[in-house]
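Below, each chain spelled out in residue letters.
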Amino acid sequence: MWYVIEGYDGKDVLAQRMQARPEHLARLTALRDQGRLLLAGPCPAIDAEDPGPAGFSGSVVIAEFESLVAARAWADADPYVAAGVYQRVEVRPFRKVLP
């Protein structure tokens, strides 16, 4: 089943985000290579493609997991969690309709 994982950034965490980014992207790349990633990306903190020093308000990942428990475990192990980037993470089932 698909699950949406939403990570919400804390304040002033852009430096931690940039430092943890390679490990974060490696995990997403592994999901993609397994055919389990629908989409992933950050949410700019301002209305701009490149928010610069304003940073990001969080990230969204939609990926396939065996269960909600497995999706939560994967989300809890994210390098952004370990680095203190995310102040909270929400995981919910997702049903893809379109496209």
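Refer to the structure presented above.
Residues numbered from 1 in each chain as written. Predicted model: local features only at pLDDT ≥ 70, side-chain atom pairs only at ≥ 80, totals over all residues. Heavy atoms only, no water.

K.L.:
Tell me about unusual backbone geometry, and name the residues and values.
P.N.:
The peptide bond linking Leu98 to Pro99 adopts the cis configuration, its omega dihedral lying at -10°. Relative to the elements of secondary structure, Pro99 occurs in the segment after β4 (86-94). In this structure, Asp12 is a non-glycine residue whose phi angle is positive, near 55°. By secondary structure assignment, the location of Asp12 is in the loop between β1 (2-9) and α1 (14-33). Look at Asp12 and you get exposed, because its relative accessible area is 75%. (Helix = DSSP H or I, 4+ residues; strand = E, 2+ residues; numbered from the N terminus. Buried < 20%, exposed > 50% of the residue type's maximum accessible area, 1.4 Å probe, protein only.)

K.L.:
I'd like to hear about the nonpolar core, residue by residue, with values.
P.N.:
Judged by nonpolar contacts, Tyr3, Ile5, Leu28, Leu31, Val61, Ala63, Phe65, Ala71, Trp74, Ala75 and Val91 together constitute the single largest core of 11 residues. Contributing elements (two or more residues each) for this core: β1, α1, β3 (56-64) and α2 (68-76). The greatest single-element share of this core, amounting to 3 residues, is contributed by α2. Beyond its immediate stretch of four places on either side in the chain, Ile5 contacts Ser59, Val60, Val61, Phe65, Ala71, Trp74, Ala75, Val89, Glu90 and Val91. Formed by 5 residues, the second largest nonpolar core is a distinct cluster that contains Val13, Ala20, Tyr80 and Tyr86. (Core = buried A, V, L, I, M, F, W, Y, C linked by side-chain atoms within 4.5 Å. Contact = heavy atoms within 4.5 Å.)

K.L.:
Give a detailed account of the sheet that holds β3, specifying residues and quantitative values.
P.N.:
One open sheet holds the 4 strands; their spatial order is β2-β3-β1-β4, and the pairing between them is antiparallel. The open sheet has two edge strands with one neighbour each: β2 (37-44) and β4. Strand after strand, the sheet turns through a mean of 10° between neighbouring axes, direction not considered. Here α1 sits on the sheet and contacts β1, β2, β3 and β4; the angle it forms with β3, its principal contact strand, is near 10°. Across the face of the sheet, α2 comes into contact with β1, β3 and β4 while running at roughly 155° to β4. (Pairing = 2+ DSSP bridges. Axes fitted to C-alpha atoms, helices over the stretch in contact; angles between N-to-C directions.)

K.L.:
Can you lay out the pairing of β1 for me, pointing to particular residues and giving the numbers?
P.N.:
Among the 8 residues that make up β1, 6 are buried, leaving the element largely enclosed by the rest of the structure. Across 7 bridges, the pairing between β1 and β3 is antiparallel. By the bridge assignment for β3, Tyr3 is matched with Ala63. By the bridge criterion, 8 bridges tie β1 to β4 in an arrangement that is antiparallel. Considered in β4, the bridge of Gly7 is made with Val89.

Nothing here speaks to function; it is geometry throughout.
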